Amino acid sequence: MIKTVIFDIGGVLVNFSWDKFIHEVLCDESEEIIRRVDFAVWENNRWDALDLGEPLEKVINGMIKNDPACEKQIKYLFANIGKCVSRREGSIEWIKNLKSRGLQVLYLSNYSHTVMDANKSALDFLPYMDGGIFSCDVHVVKPDKKIYELLAQKYNLNPSECVFIDDLAQNIEGAKNFGFNGIKLNSVEQAQQDLNNMLNLKK
């Protein structure tokens, strides 16, 4: 029987499109510069460092070291970083519907204080949830087994009674390896249908 639904946030409960964001913010730059900035931000797991809770200045300096010629563009990108996420219509209604069915609803997200503080309105659904874990608070990111363990310990969860919804296959795989049920979100409609099917089957 499923008793707890666990949500990822970016790409699941909020809109997150990095490619759209970087092209909109750096719209006056060439495609070559955009490609280089993109590489600098993600190379050597620098974005993961942000989600792990490392200080912003340290993380940005690490990104700049990946491509010093793009320092100005990288700093400008982070001056606008709140725009990389936006509120997703329907998230609150989805959560409220699940809770009305007697389910516990939690979050488990690779998320940074930087993005969180830059766009708090995107997380307007949090008061409707029963809790959760942000990676930046525990200094562990998915799909590390430890972050699933931390959530289970914090809320005394039986993994077999939980289902985790994420838009990244590797995070679903990590959840399943820990013992959670998993649903990969390709679209909200598909994930809702898959979840409804699982809830009915697991009764």
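Residues numbered from 1 in each chain as written. Predicted model: local features only at pLDDT ≥ 70, side-chain atom pairs only at ≥ 80, totals over all residues. Heavy atoms only, no water.

Undergrad: I'd like a description of the nonpolar core, backed by residues and values.
TA: Inside soluble globular proteins, nonpolar side chains tend to come together where they are buried. The biggest cluster of nonpolar side chains holds 55 residues, and the ones touching the most others in it are F7 and I165. Here this core takes five residues from helix α2 (residues 31-42), the largest share from any one element. Sequence-distant contacts of I165, that is, excluding residues within four places in its chain, are made with V5, I6, F7, D8, V12, W94, I172, I183, L185, A191 and L195. In terms of nonpolar packing, the next biggest core, distinct from the first, is built from 16 residues, L108, V140, L157 and F178 among them. (Core = buried A, V, L, I, M, F, W, Y, C linked by side-chain atoms within 4.5 Å. Buried < 20%, exposed > 50% of the residue type's maximum accessible area, 1.4 Å probe, protein only. Helix = DSSP H or I, 4+ residues; strand = E, 2+ residues; numbered from the N terminus. Contact = heavy atoms within 4.5 Å.)

Undergrad: Can you tell me about the packing of helix α1 (residues 18-25) against α2, naming the residues and giving the values?
TA: Put simply, α1 and α2 touch, their axes get as near as 10 Å, and they point 130 degrees apart. Looking at the two axes, α1 sits oblique to α2. At the point where α1 passes α2, the crossing takes the right-handed sense. When α1 is examined against α2, the residues W18, I22 and H23 are found in contact with a partner set consisting of E31, I34, V37, D38, V41 and W42. A per-class count over the contact of α1 with α2 returns six nonpolar, one polar and two charged. (Axes fitted to C-alpha atoms, helices over the stretch in contact; angles between N-to-C directions. Parallel < 35°, antiparallel > 145°, perpendicular 65-115°, else oblique. Left-handed = near helix turned anticlockwise from the far one by under 90°. Nonpolar A, V, L, I, M, F, W, Y, C, P; charged D, E, K, R; others polar.)

Undergrad: Residue-level account of the pattern of salt bridges, with values.
TA: What the rule picks out here adds up to twelve salt bridges. A salt bridge links K142 to D8; the nearest nitrogen and oxygen atoms lie 2.8 Å apart. Of this pair, K142 sits in the loop between α8 (135-138) and α9 (145-154) while D8 sits in the loop between β1 (4-7) and β2 (14-16), and the two are 134 residues apart along the sequence. As far as burial versus exposure is concerned, K142 and D8 are alike and both buried. The closest approach of N and O atoms between E32 and R35, which form a salt bridge, is 3.0 Å. Here R35 and E32 lie together in helix α2, a separation of three residues that amounts to about one turn. (Salt bridge = Lys/Arg side-chain N within 4 Å of Asp/Glu carboxyl O.)

Undergrad: An account of the side chain of T114 is requested, with residue identities and associated values reported.
TA: Tracing the chain through its elements places T114 in helix α7 (residues 113-118). For T114, the contacting residues outside a window of four places in its chain are L50, L56 and I81.

Undergrad: Quick rundown of the state of the cysteines? Include the residues and the values.
TA: According to the stated counting rule, one finds zero disulfides in the structure shown. Cysteine C27 remains unbridged, with the sulfur of C70 as its closest cysteine sulfur at 16 Å. This cysteine, C84, is not joined by any disulfide, and C136 carries the nearest cysteine sulfur, 13 Å off. A relative accessible area of 3% places C84 in the buried class. (Disulfide = S-S within 2.5 Å.)

Undergrad: Lay out the packing of aromatic side chains in plain terms, naming residues and giving numbers.
TA: A complete count under the given rule lists eleven aromatic pairs for this structure. Each ring, one from W42 and one from W47, has its centre 5.1 Å from the other, and the planes form 25 degrees; the classification is stacked. Given the relative accessible area of 33%, W42 is considered partly exposed. A connected cluster of aromatic rings, assembled from ring pairs, spans W18, F21, W42, W47 and F78. (Phe/Tyr/Trp six-rings, centres within 6.5 Å; stacked < 30°, edge-to-face > 60°.)

Taken by themselves, the reported measurements are silent on function.
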